Amino acid sequence: MNTIIFATNNENKVSEVKSIVLEKFDIISLKEAGIEIDIAEPFDTLEENAKEKAKVIYELSNQDCFSEDTGLEVKSLDGEPGVKSARYAGEARSFENNIDKLLGKLADTTDRLARFRTVICLMYKGKTVFFEGICQGSIVAERRGSAGFGYDSVFVPDGSIKTFAEMAMAEKNSFSHRKKAIEKLTDYLLSSS
């Protein structure tokens, strides 16, 4: 079984990806790979940030790896918070503060359409390949639910009345932007191995 490093320190994302990939590949986190590094995300696009993270880990480990960057893009805010989603309210990366800022900016609007967009960069057998997953939905007026992470408590995907934070992992994965991108990644790996 191929071992592939997922270039992230976010254990929530690692768990989510492992629940999607199941036994097809041995996905290991940076921690499991013995790599302790916090990789900067200095760029203005999800694609560039994902590539930077994968490149740094590939050069450190010389192992197949992938990285992802995900942004919440709100239509009435011209795509904010977008690539700055994790640091929307400042460098401290507080999702409570990020959500407060988002809800404050949306307080006077009825247009609450939004989407989550994930971009994965895979460095595998000498090739660099990108995959994208999108989940359309909307932002609710107040937090609901306690599962998940990030903006999950205020995002309702199209086709549901629940926020991601009100869903079990399997239900969230039936809508998830990250799942859509990971399925494309998995299909590629299966066809390339």
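Residues numbered from 1 in each chain as written. Predicted model: local features only at pLDDT ≥ 70, side-chain atom pairs only at ≥ 80, totals over all residues. Heavy atoms only, no water.

**Comments concerning the packing of aromatic side chains**
Part 1 of the argument: Inspection of every chain in the model, using the stated rule, returns six aromatic pairs.
Part 2 of the argument: The interplanar angle of 15° and the centroid separation of 4.6 Å between the aromatic rings of F6 and F66 together place this pair among those described as stacked. In this pair, F6 sits in strand β1 (residues 3-6) while F66 sits in strand β3 (residues 65-74), placing the two residues 60 residues apart along the sequence.
Part 3 of the argument: Every member of this aromatic cluster is reached through a ring pair, and the members are F116, F155 and F164. (Phe/Tyr/Trp six-rings, centres within 6.5 Å; stacked < 30°, edge-to-face > 60°. Helix = DSSP H or I, 4+ residues; strand = E, 2+ residues; numbered from the N terminus.)

**Topic: helix α3 (residues 95-106)**
Part 1 of the argument: When the terminal C-alpha atoms of α3 are compared, their 16 Å separation across 12 residues agrees well with the 16 Å that a helix rising 1.5 Å per residue should span.
Part 2 of the argument: Along α3, the positions that sit buried rather than exposed are N98, I99, L102, L103 and L106. Within α3, the buried residues cover an arc of 125° as seen down the axis, which keeps them to one side.
Part 3 of the argument: For α3, the elements touching its buried residues are β3, β4 (81-82) and β6 (127-139). (Expected span 1.5 Å × (residues − 1). Buried < 20%, exposed > 50% of the residue type's maximum accessible area, 1.4 Å probe, protein only. Arc of directions from axis to C-beta. Contact = heavy atoms within 4.5 Å.)

**Observations regarding the UniProt feature "active site" (unreviewed entry) in the protein**
Part 1 of the argument: Under the local residue numbering, the UniProt record ascribes the feature "active site" (unreviewed entry) to D69.
Part 2 of the argument: Assignment of secondary structure puts D69 in strand β3.
Part 3 of the argument: Residue D69 is classed as buried on the basis of its relative accessible area of 5%.
Part 4 of the argument: Apart from residues no more than four positions distant in its own chain, D69 is found in contact with E41, T45, L46, N49, A50, K53, V83, R117, T118 and V119.
Part 5 of the argument: Among the polar contacts made by the side chain of D69, one reaches the side chain of N49 at a distance of 3.2 Å. (UniProt positions renumbered as here; feature names shortened; annotations may be inferred. Polar contact = N/O pair within 3.5 Å; in protein donor to acceptor, adjacent residues only side chain to side chain.)

**Examining the environment of G71**
Part 1 of the argument: Among the structural elements, G71 can be located in strand β3.
Part 2 of the argument: By relative accessible area, G71 is classed as buried at 0%.
Part 3 of the argument: Once the C-alpha coordinates of G71 and E132 are considered, the two residues, 61 residues apart in sequence, prove to be 12 Å apart.

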